[in-house]
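# Working through the structure, step by step
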Amino acid sequence: MERGPVEILFLSMSEDVELGDLAAVLRQPVESGVIRIIDCVLMSKDAGGSFRALDLEEAEGLPAELSGLQIDANDLLSDADIETFATALEPGQAGLAVVYEQIWAREAVRQIRSVGAEVELFLRVPPEDVDVAFASAAR
């Protein structure tokens, strides 16, 4: 199966962020066919520092806010990945790691290969860095 570029997005938030609001943000590009969620893990670190991770595509009894979110049954995030994300969370925070494929780019990659070229680097620049770059360029 041909695939487009795959990215990992890690979000951190206070534990009181509404999961339904977050799921709605993710649901829109999935349902419109822009991305395909390959793996998704919800994490939390309680006030005492205890860490918990829930693999959403395998979990039963998901919070109602997350039901219906299309996630493929893949485990691309390793235990080491999850541990890395855990270190980024402060006590009382939650996190969501989303591995997704850029569906729109799948055909572009196929066409690039068909003319004899290869994608050698795919880099995502975080929005904060883009803002800094544009602000610097405007000076």
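Before reading on, note that the structure itself is shown above.
Described in the following lines is the structure provided in the data block. As the structure is a computational prediction, the values presented were derived from the model and not from experiment.

The grouping of Ile112, Val119 and Phe122 at the surface amounts to a nonpolar patch, some 220 Å² of accessible area in total. Note on placement: Val119 falls in the loop between helix H3 (103-114) and helix H4 (127-137). Among the residues examined, Val119 registers a relative accessible area of 39% and is labelled partly exposed.

Moving on: helix H2 (residues 79-88). Within the sequence span of H2, burial applies to Ile82, Phe85 and Ala86. The buried residues of H2 occupy an angular sector of 105° when the element is viewed end-on, so they sit on one face. With respect to the buried face of H2, the exposed residues turned more than 90 degrees away are Glu83, Thr84 and Thr87. On its buried side, H2 packs onto strand E1 (6-14), strand E2 (35-45), strand E3 (51-55) and strand E4 (93-102).

One finds Ile37, Cys40, Leu56, Leu96 and Val98 to be the most contacted residues of the largest nonpolar core, which totals 18 residues. Among the elements of the structure, helix H1 (19-31), E2 and E4 are those that each provide at least two residues to this core. Looking at this core, the element that brings in the most residues is H1, giving five residues. Counting nine residues, the second largest nonpolar core, distinct from the first, contains Leu77, Phe85, Ala97 and Val99.

Scanning the model with the defined rule gives one aromatic pair in all. Their ring planes at 10° and their centres at 4.4 Å tell us that Phe10 and Phe85 sit as a pair that is stacked. In this pair, Phe10 sits in strand E1 while Phe85 sits in helix H2, placing the two residues 75 residues apart along the sequence. Under the relative-accessibility criterion, Phe10 is labelled partly exposed at 24%. When its relative accessible area of 13% is taken as the criterion, Phe85 is described as buried.

Cut-offs applied
Residues numbered from 1 in each chain as written. Predicted model: local features only at pLDDT ≥ 70, side-chain atom pairs only at ≥ 80, totals over all residues. Heavy atoms only, no water. Patch = residues over 30% accessible without salt bridge, like charges linked within 9 Å, V, L, I, M, F, W, Y side chains within 5 Å. Areas by Shrake-Rupley, 256 points an atom, 1.4 Å probe, with all protein chains shown as cover. Salt bridge = Lys/Arg side-chain N within 4 Å of Asp/Glu carboxyl O. Helix = DSSP H or I, 4+ residues; strand = E, 2+ residues; numbered from the N terminus. Buried < 20%, exposed > 50% of the residue type's maximum accessible area, 1.4 Å probe, protein only. Arc of directions from axis to C-beta. Contact = heavy atoms within 4.5 Å. Core = buried A, V, L, I, M, F, W, Y, C linked by side-chain atoms within 4.5 Å. Phe/Tyr/Trp six-rings, centres within 6.5 Å; stacked < 30°, edge-to-face > 60°.

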